[in-house]
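Here is what each chain is made of, one letter per residue.
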Amino acid sequence: MKTSLEVEYWVIDNDGDLVPPESLLDVSKQIDPEFVEPMLEIKTTPCQSMAELRAEFRDLISTTVDAARERGKRLVPLSTPLHAGPEDVPYRDKQGTDLQRRIVGPAFEDARVCAGTHIHFEQSNVVDQLNTLTALDPAFALANSSSHYRGERLLECARPFLYRRSCYEACPEQGQLWPYVDSVEEWETTLENAYDGFRERALERGVDPADFDDEFDPYDAVWTPVRLRKAMPTVEWRSPDAALPSQILHLAEEVRSIVTHADARGTVVGEDDVANAGGEVPLPAFETVQEITDAAIFDGLGDSSVRAYLQRLGFTPSTYDPIANRLPDARLTKRQAKRLRLEAARRLEADLATRPARA
């Protein structure tokens, strides 16, 4: 199952201030600008094995980090910039962003303080892949990299709260987790309904129909934690935060193993994890997924029910050390936030210098 990664990183200068990547975007065709200025996205190609993905990802980030240091810049593996609010993170000039702001409303501003990781899996048994990745949603707690927003400790996992529960609260079909499906057709019907609702909301807010149609199609008008993509084509898992390369690769390896297993054996939805007669992989009821996702957002791995849930699905929570666990619980000043960004950048550089555990 070919697998690829897309990871968003904040860009700072040597004082810890957020800055645009500028010429860093020219370092590789696999580095893209993001919809806010002080962020870039690093993208791997589809890789056949974890060894190939690990090597490409680490090499690409190392190249980018070296180029950044030459330019007096650093990459920061945090899901929020800790202290900055939306007003401190300027948008790039992009029509789609402007339209989203008009359609979603003021809460869309919270999206621009969120940096995440997207893992793409080559489509195979698509329904089983979709449903398994839906069940794995609370695993974002394993790579949680920030609990702060505007300097305040918001809750344990700040990004999924800001992105889903704040930004897309008014448009849940556009940004929140969808239920399991029985067929690809069912997923596409949900997609079409979400698109139609989004378009209707846009027209109610004065967006020109032609402008909307030029910018959005159904596949590009949802930003849910799990979605289908036409490119490759893939099933995309968008749940995790930006994090250290080793943490992302560790999570990707475990998720890939679970999805590969489900893809081969099929899945069945139910609470009991005892092997069934058909040999399918059992998935918790969707209501359970929602409950554990809420617990993960508010308490992360500190909640025993979250750890037990993830362990039952095949993860090893004790092998993860989320960056957020190393951040102070107290309110942060701008000066403290800049220092912590620099510390996170140094941790990323040290992480790259460490020999990976698996070849």
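## A few points about the overall build of the protein chain
Thought 1: When you go through the protein chain residue by residue, the secondary structure sums to eleven helices and eleven strands.
Thought 2: In terms of C-alpha radius of gyration, the protein chain reaches 20 Å, essentially the compact-globule figure of 21 Å for 359 residues.
Thought 3: Taking all 359 residues of the protein chain together, 57% fall into the buried category.
Thought 4: For the protein chain, the accessible surface area stands at approximately 14700 Å², while carbon and sulfur atoms represent 46% of it.

## Points about the pairing of strand β1 (residues 3-13)
Thought 1: With respect to burial, β1 is a largely interior element, eleven of its eleven residues being buried.
Thought 2: Alignment of β1 against strand β3 (residues 39-43), held across five bridges, turns out to be antiparallel. Paired with Glu 8 across the two strands is Glu 41, which belongs to β3.

## Focus: the pairing of strand β4 (residues 73-76)
Thought 1: Neither face of β4 is exposed, since Lys 73 and Leu 75 on one face and Arg 74 and Val 76 on the opposite face are all buried.
Thought 2: Sheet topology places β1 next to β4; four bridges connect them, and they run antiparallel. Counted as the bridge partner of Asp 13 is Lys 73 from β4.

## Re unusual backbone geometry
Thought 1: Positive phi values are uncommon outside glycine, yet Leu 82 reaches one of about 80 degrees.
Thought 2: Tracing the chain through its elements places Leu 82 in the loop between β4 and α2 (95-104).
Thought 3: The class of Leu 82 is buried, set by a relative accessible area of 1%.
Thought 4: Positive phi, close to 55 degrees, is recorded for Arg 150, a residue that is not glycine.
Thought 5: Mapped onto the secondary structure, Arg 150 falls in the loop between β6 (148-149) and β7 (152-153).

## Here we look at the side chain of Glu 254
Thought 1: Here Glu 254 lies in helix α8 (residues 245-265).
Thought 2: Ignoring any residue separated from it by four or fewer positions in sequence, one finds Glu 254 in contact with Gly 314, Phe 315, Thr 316 and Tyr 320.

## As for the nonpolar core
Thought 1: Tyr 9, Trp 237 and Phe 315 are the most contacted members of the largest nonpolar core, which totals 117 residues.
Thought 2: Excluding residues within four positions of it along the chain, Trp 237 makes contact with Thr 117, His 118, Ile 119, Phe 121, Leu 133, Leu 136, Asp 137, Ala 139, Pro 225, Val 226, Leu 251 and Val 255.

## Topic: the packing of aromatic side chains
Thought 1: As enumerated under the stated definition, the model contains 14 aromatic pairs in all.
Thought 2: Among the aromatic residues, those joined into a cluster by ring pairs are Tyr 163, Tyr 168, Tyr 195, Phe 198, Phe 212, Phe 216 and Trp 223.
Thought 3: Directly above the aromatic system of Tyr 163 lies the positively charged group of Arg 159, at a separation of 5.9 Å from the ring centroid.

## Structural notes on α8
Thought 1: The end-to-end C-alpha distance of α8 is 30 Å, a good match for the 30 Å that 21 residues give at a rise of 1.5 Å each.
Thought 2: Immediately downstream of α8, the backbone of Gly 266 shows phi near 85 degrees, a positive value.

## Observations concerning a negative patch on the surface
Thought 1: On the surface, a cluster of negative charge is made up of Glu 185, Glu 188, Glu 192, Asp 196 and Glu 200.
Thought 2: Checked against the element boundaries, Asp 196 lands in helix α6 (residues 184-204).

## Describing the environment of Asn 14
Thought 1: When you line up the elements, Asn 14 lands in the loop between β1 and β2 (31-33).
Thought 2: Note: C-alpha distance between Asn 14 and Arg 71 (57 residues apart in sequence) is 9.7 Å.
Thought 3: Beyond its immediate sequence surroundings of up to four residues, Asn 14 is in contact with Gly 72, Lys 73, Arg 74 and Leu 342.

## Examining the pattern of salt bridges
Thought 1: Applying the stated criterion across every chain yields a total of 24 salt bridges.
Thought 2: In this structure, a network of salt bridges that share partners links the residues Arg 227, Arg 229, Glu 236 and Arg 238.

## A look at the packing of helix α9 (residues 286-299) against helix α10 (residues 304-313)
Thought 1: Between α9 and α10, the least distance of the axes is 9 Å, while the angle of their chain directions is 130 degrees. Here α9 is positioned oblique relative to α10, judged by the angle of their axes. Crossing handedness for the pair α9 and α10: left-handed. Contact residues: Thr 288, Val 289, Ile 292, Ala 295 and Ala 296 in α9; Ser 305, Val 306 and Tyr 309 in α10.
Thought 2: Partitioned by chemical class, the residues of the contact of α9 with α10 number six nonpolar, two polar and no charged.

## Some words on the state of the cysteines
Thought 1: Applying the stated rule across the entire model yields zero disulfides.
Thought 2: In this structure Cys 167 is a free cysteine whose sulfur lies 7.5 Å from that of Cys 114, the closest cysteine sulfur available.
Thought 3: The buried category is assigned to Cys 167, whose relative accessible area is 1%.
Thought 4: Counting only cysteine sulfurs, Cys 167 is the nearest neighbor of Cys 171, a cysteine outside any disulfide, at a range of 8.4 Å.

Rules used throughout
- Residues numbered from 1 in each chain as written.
- Predicted model: local features only at pLDDT ≥ 70, side-chain atom pairs only at ≥ 80, totals over all residues.
- Heavy atoms only, no water.
- Helix = DSSP H or I, 4+ residues; strand = E, 2+ residues; numbered from the N terminus.
- Rg over C-alpha atoms; globule rule 2.2 N^0.38 Å.
- Buried < 20%, exposed > 50% of the residue type's maximum accessible area, 1.4 Å probe, protein only.
- Areas by Shrake-Rupley, 256 points an atom, 1.4 Å probe, with all protein chains shown as cover.
- Pairing = 2+ DSSP bridges.
- Contact = heavy atoms within 4.5 Å.
- Core = buried A, V, L, I, M, F, W, Y, C linked by side-chain atoms within 4.5 Å.
- Phe/Tyr/Trp six-rings, centres within 6.5 Å; stacked < 30°, edge-to-face > 60°.
- Lys NZ or Arg CZ within 6 Å of the ring centre and 35° of its normal.
- Expected span 1.5 Å × (residues − 1).
- Patch = residues over 30% accessible without salt bridge, like charges linked within 9 Å, V, L, I, M, F, W, Y side chains within 5 Å.
- Salt bridge = Lys/Arg side-chain N within 4 Å of Asp/Glu carboxyl O.
- Lys, Arg positive; Asp, Glu negative; His and termini not counted.
- Charge placed at Lys NZ, Arg CZ, Asp CG, Glu CD.
- Axes fitted to C-alpha atoms, helices over the stretch in contact; angles between N-to-C directions.
- Parallel < 35°, antiparallel > 145°, perpendicular 65-115°, else oblique.
- Left-handed = near helix turned anticlockwise from the far one by under 90°.
- Nonpolar A, V, L, I, M, F, W, Y, C, P; charged D, E, K, R; others polar.
- Disulfide = S-S within 2.5 Å.

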